[in-house]
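Descriptive structure summary
Take a look at the letters that make up each chain.
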Amino acid sequence: MTARAYRSIKQHTPEGHWDTVIVGSGIAGMACGAALSKHGQRVLLLEQHYVPGGMTHSFSRKGFRWDVGVHCLGEQNESDVAGKLLAWLTDGKLEMNRLPETYERFWFPDGFQFTYCSDVKRFRAQLIEAFPAEAKGIARYFKLVSTVFNVARPFYALKATPISVNKFFSSAIGWSWRRYWSRTTRSVMDELFTDEHLKTILVSQWGYYGSPPSRSSFGMHAMVCRHFFDGAFYPVGGAASFARHLLETIKAGGGETYVAAAVSKILVENDRAVGVELTGGQQLRADRVVSAAGVKNTIHKLIPEALRHSAWAKSLDGITSSPAYFCLNLGFEGDLRAAGASETNNWLMESWDVDQAFWDISDPAAVPPITYLSFPSLKDPLLKDTAHHTGEVLAFVKWGRFEQWSHTRRGRRPAEYEALKKEVASRLVAHLERKLPRIMKHLVFHELSTPLSTQYFARSWEGGIYGYETTPARFGNDDLTAHTPLRGLYLTGGDVVAPGVAGALVSGVITASAIKPRVFFRLL
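Treat the numbers as computed from the prediction; the structure is a model and nothing was measured. (Residues numbered from 1 in each chain as written. Predicted model: local features only at pLDDT ≥ 70, side-chain atom pairs only at ≥ 80, totals over all residues. Heavy atoms only, no water.)

Section: the pattern of salt bridges
The condition is simple: We define a salt bridge as a side-chain nitrogen of Lys or Arg found within 4 Å of a carboxyl oxygen belonging to Asp or Glu. Comment: elements are numbered from the N terminus, with helices defined as DSSP H or I runs of at least four residues and strands as E runs of at least two. Think of it in three bands: residues with accessible area under 20% of the maximum for their type are buried, residues over 50% are exposed, and the middle band is partly exposed, with areas taken using a 1.4 Å probe on protein chains only.
Summed over the entire model, instances satisfying the criterion amount to 19 salt bridges. A salt bridge links Glu248 to Lys93, with the shortest nitrogen-to-oxygen separation between them at 3.9 Å. Separated by 155 residues along the polypeptide, Glu248 in helix 10 (residues 240-252) and Lys93 in the loop between helix 2 (81-89) and strand 6 (96-98) bring together distant segments of the chain. Residue classification places Glu248 among the partly exposed residues on the basis of a relative accessible area of 25%. Judged by its relative accessible area of 45%, Lys93 falls in the partly exposed class. In this structure, the salt-bridge partner of Glu423 is Arg427, at a minimum N-O distance of 3.0 Å. Linking Glu423 with Arg427, this pair stays in helix 15 (residues 415-435), spanning 4 residues, or about one helical turn. By relative accessible area, which is 36% here, Glu423 ends up partly exposed. On the accessibility criterion, Arg427 (14% relative accessible area) is buried.

Examining helix 1 (residues 27-38)
Inclusion rule: Multiplying 1.5 Å by the helix residue count minus one yields the expected span of that helix. By definition, residues are in contact when any of their heavy atoms lie within 4.5 Å.
For helix 1, with 12 residues, the first-to-last C-alpha span of 16 Å sits near the 16 Å given by 1.5 Å per residue. For helix 1, the complete set of buried residues consists of Ile27, Ala28, Gly29, Met30, Ala31, Cys32, Gly33, Ala34, Ala35, Leu36 and Ser37. The secondary structure elements touched by the buried residues of helix 1 are strand 2 (18-23), strand 3 (43-46), helix 2, helix 10, strand 13 (283-291) and helix 19 (500-515). Phi turns positive one or two residues past the end of helix 1, at Gly40, with a value near 90°.

A closer look at the nonpolar core
Basically, it comes down to this: As used in this record, nonpolar core signifies buried Ala, Val, Leu, Ile, Met, Phe, Trp, Tyr and Cys residues forming a set joined through side-chain atoms within 4.5 Å.
In this structure, Leu46, Tyr141, Trp181 and Phe242 are the most contacted members of the largest nonpolar core, which totals 139 residues. It is helix 4 (residues 135-157) that contributes the most residues to this core, 11 residues altogether. In this view, Tyr141 contacts Met189, Leu192, Phe193, Leu202, Phe218, His221 and Cys225; residues no more than four positions away in its chain are not counted. Membership of the second largest hydrophobic core comes to 34 residues, among which are Ala341, Phe375, Val397 and Ile439.

What to know about the sheet that holds strand 17 (residues 388-397)
Using the following cut-off: A pair of strands is labelled paired if DSSP reports no fewer than 2 bridges between them. The axes are straight lines fitted to the C-alpha atoms, using for helices just the contacting stretch, and the angles between their N-to-C directions are given from 0 to 180°.
Sheet architecture is open: 7 strands sit in the order 8-7-15-16-17-14-18, paired in mixed fashion. Edge positions in the sheet fall to strand 8 (113-117) and strand 18 (443-449), since each has one partner strand and no second. Between one strand and the next, the sheet's axes are offset by a mean angle of 20°, whatever the strand orientation. As judged from the 3 bridges shared by strand 16 (residues 370-374) and strand 17, these two strands associate in the antiparallel manner. Looking at strand 17, one finds that Leu373 is bridged to Val393. Where helix 15 meets the sheet, its contacts fall on strand 14 (324-333), strand 15 (345-349), strand 16, strand 17 and strand 18, and the angle it forms with strand 18 comes to roughly 130°.

A few points about the environment of Asp355
Worth spelling out the cut-off: Pairs of N or O atoms within 3.5 Å make up the polar contacts considered here, provided that, within protein, one atom can donate a hydrogen while the other can accept it, and that residues adjacent in sequence are counted only when both atoms are side-chain atoms.
Take Asp355: it is sitting in the loop between strand 15 and strand 16. Judged by its relative accessible area of 25%, Asp355 falls in the partly exposed class. Each C-alpha atom of the pair Asp355 and Glu95 lies 36 Å from the other, and the pair is 260 residues apart in sequence. Beyond its immediate stretch of four places on either side in the chain, Asp355 contacts Arg186, Pro212, Pro213 and Ser214. Within the structure, the side chain of Asp355 is placed 2.7 Å from the side chain of Ser214, a separation counted as a polar contact.

So, the packing of aromatic side chains
Heads up, the condition is: Pairing of aromatic rings covers Phe, Tyr and the six-membered ring of Trp, with a centre-to-centre limit of 6.5 Å; geometry is then stacked below 30 degrees between planes, edge-to-face above 60, and tilted otherwise.
Counted under the stated rule, the structure contains 36 aromatic pairs. Taken together, a centroid distance of 4.6 Å and an interplanar angle of 50° make the contact between Tyr116 and Phe123 tilted. The two residues Tyr116 and Phe123 agree in class, both being buried.

Details of the side chain of Arg413
Definition in use: Positive residues here are Lys and Arg, negative ones are Asp and Glu, while His and the chain termini are left out of the count.
For Arg413, the position within the fold is in the loop between strand 17 and helix 15. No salt bridge is formed by the buried Arg413. Its closest oppositely charged neighbour is Glu418, at 5.7 Å. Within the structure, the side chain of Arg413 is placed 2.7 Å from the backbone oxygen of Thr408, a separation counted as a polar contact. Residue contacts for Arg413: discarding those within four places in its chain leaves Trp405, Thr408, Glu418, Leu452 and Tyr456.

And the structure:
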């Protein structure tokens, strides 16, 4: 990333009055800022971390580079909304590398494997061949997924409207989507199929939206399934390419991005948001404020005390958070492809019951029930000749195990925490050595991040992987739009629309359209 794309607040203080201040530089904050910049606004983007990008930033250790939260992305063709938005917001500079047709591999108990392919016709044929007795249900399933995708447009469009408008239209026409979003994934699968193995295969991507089938909204499941119907992609240059190009757009529009710029509160005058105050006491004025810091962070840390106790705030604070997780970052040397690694993402499943989601680390003999493994260096064509490869491993864990240390400082956490972190890393490495011994022989470095790492670097509530949990209750909450009861304050991020890079990207543009209605035409 060029040095001119962002500055540190420690070296320079922003000057003047801004059209919009955005708190948080995740993909939603960057997309919102870039969209507003395209429409003539002077945007100030503030990031509390020392690098921009939120869950799309990258970091390096000992010559290896890892992505924090980008593994693959769908809907990147010219006719897809996400693809069109990224092309517009980056002036076509962001390149996406199409991954092989087989982009996911699931390793089930007893040696059974199943692959997901991005050719939807072939994928459906695979399923019917493996489960011929379920052919009718499989046909209904794919039809239902497409239906949900189509009716989601008005549901998402209403997120750009004021809360009262959203409630009115949700009451009047919401039946068209509520019948899908108000049901759990498990209930729909039970209605469509009898074969438990088929149900498990179809819902095993739930890690991409963060809620197991007994808790997740079927609408969200269907959207993620449809997301990869025409390919999986990876950003050329790694996840940091998102910030590299989106921040250039903000800069070109006269805006600025500052890091190490933690916001302590939103400034309010005459019942209107008029700027923000940084933890250092600097006050930055603007016509409006957009919080991309997560809805719970906004409620608990940024808005005025009186608004925190409002019915609106209590409604949104009552939505549950997505699960916490470990991420083990791996560094390899040598020919990983010859050892069996590829661009394909791997899901190592210890049970056919995918509702067994959390790793009980208190049991010394327990292994993660679900382990996700990907190799970003093999997905990036710019690294095709490297002998230094990277892997990223994810496993879900309950936040409660780490809550006791949530108020301790990074670098000064107690010995008990550091010992547990070391133990978890060793157990994950051992688990992978049993599963993929040829690949793991090339391991030369590893480093573990815990839910506290995610909380510290990304300010993720309770170390959650995606912000709000994707339950039917979350999608049935009509208070959740880009607007707030405080004039001049807007919300954006995966919490507002949907999790993941694409969901947060769309959310950023939806919030921009709430401010500048002409932006909305880019979503069509």
